[in-house]
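Survey of secondary and tertiary structure
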Amino acid sequence: MSPAPTPLLDRRLVIVTGKGGTGKTSVAAALGLAAARSGRRVLVAEVGRDEHVPRLLAPGSAPVGYAGRELAPGLTVLRIDPFEALGEYLGLQLGVRPVVDLVLRNRAFRQLMEASPGWRELITLGKVWHLEQMQLPDGSPRFDLILVDAPATGHGLTFLDVPRVVGAAVRAGPLRKHAGLVEAMIEDRERTLLLPVALAEELPARETAELALRVRRDVGIAVDRVVVNAVAGAPFPPGLDDLDRLLAKLPEATALEGLPSAKTLASCAAHLRSRFELNRYWAAEIGRMTELPIVELPHLARGIRGPLDLERLVPALVGAPRANAA
Ligand SMILES: Nc1ncnc2c1ncn2[C@@H]1O[C@H](COP(=O)(O)OP(=O)(O)O)[C@@H](O)[C@H]1O
Ligand SMILES: [Mg+2]
């Protein structure tokens, strides 16, 4: 028996990863909400140019930007734009921020950077490291928990491979030290966790299995569960599990008070059942293929639009993951 996983909210850094559209942003925001409510000082860091997290946590609020803002007591949100992070880093290293800003605004420079692999991820993680190091005047950490809503690049693995790759390539100098610090933070298995989010469908399931394998083989980061998001609920009321089959048995000529024919209704119901069963199948497969416990989140019919929807994800997210049957 492996030991019970550390509760998610007791970690220091949780990197939420997964393909676009799987629910990373919703999961990061829901965890932020739960962590702040539990009295922790929490930071949700959204990586990229757009702001989705503030819209979910505090609909209608002004953008939080790179400086970030506290949207609710204990709940700070910021957006890490890699170019801004690069400016900050170079400004700190060189001590000449105005010159750095000029360089960063230069179009040719930006084009060169857009085309260069790796720097974005390293600089972003460097910023996360910096945030993790921040302290209050009394010496306690500025943030108890940092949730990173990672960009949807491939597996999100490029994001984590970078410090190691850079560390190996650059043997001396400030970048080496920087990469080493970032790597040490990521590979701190007590405090840092990679949290993959997947949908219960074939393609995301296979990709998540591959991610789990690569993380185990190539990256030192801890992964102790997979979030399976938007899992369809049972389609029929309790006790009516085979509603579609009951409908299919009705004589074809049965009149149903202005409703479509029993046959049509039966095929609609059969469709609902098969979607449900397929979802169940792939949720279980994700557990089996990754050999990790899974956390299932319900599919909400109206999507995730604000704090009330996020609340509905919280109980399962902060609870213990379900060990897979194997
Ligand atoms: N559990 C859920 N039930 C219903 N809709 C969801 C659920 N989780 C996410 N969504 C919807 O799916 C879309 C993608 O979610 P989002 O959290 O932005 O994913 P990502 O950040 O991975 O791209 C959004 O429109 C969101 O409202
Ligand atoms: Mg997102």
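Residues numbered from 1 in each chain as written. Chains lettered and ligands numbered in written order. Predicted model: local features only at pLDDT ≥ 70, side-chain atom pairs only at ≥ 80, totals over all residues. Heavy atoms only, no water.

1. A few points about the overall build of the chain
Helix and strand counts for the chain stand at 12 helices and 8 strands. Expressed as a percentage of the 326 residues in the chain, the buried residues total 46%. A separation threshold of at least 6 residues defines the contact pool for the chain, and within that pool the share at least 24 residues apart is 73%. (Helix = DSSP H or I, 4+ residues; strand = E, 2+ residues; numbered from the N terminus. Buried < 20%, exposed > 50% of the residue type's maximum accessible area, 1.4 Å probe, protein only. Contact = heavy atoms within 4.5 Å.)

2. Digging into the site of ligand 1
In the neighbourhood of ligand 1, 15 residues make up the surrounding shell, with Gly21, Lys24, Thr25, Ser26 and Leu300 lying closest. Contact between ligand 1 and Asn229: a nitrogen atom at 2.8 Å from a side-chain N or O atom of the residue. Here Leu300 contributes a backbone N or O atom positioned 2.8 Å from a nitrogen atom of ligand 1. In isolation ligand 1 has 560 Å² of accessible area, and contact with the protein removes 72% of it. Going through the elements one at a time, α1 (24-37) and β7 (226-231) are the ones with two or more residues in the shell around ligand 1. Per-element tally for the shell around ligand 1: the top contributor is α1, with 3 residues. (Near = heavy atom within 4 Å. Polar contact = N/O pair within 3.5 Å; in protein donor to acceptor, adjacent residues only side chain to side chain. Areas by Shrake-Rupley, 256 points an atom, 1.4 Å probe, with all protein chains shown as cover.)

3. Considering the confidence of the model for the chain
Of all residues in the chain, 94% attain a pLDDT of 70 or more, and the chain-wide mean is 89. Looking across the chain, the model is least confident in helix α7 (residues 157-169), with a mean pLDDT of 71, and most confident in α1, with 98. (pLDDT = per-residue confidence, 0-100.)

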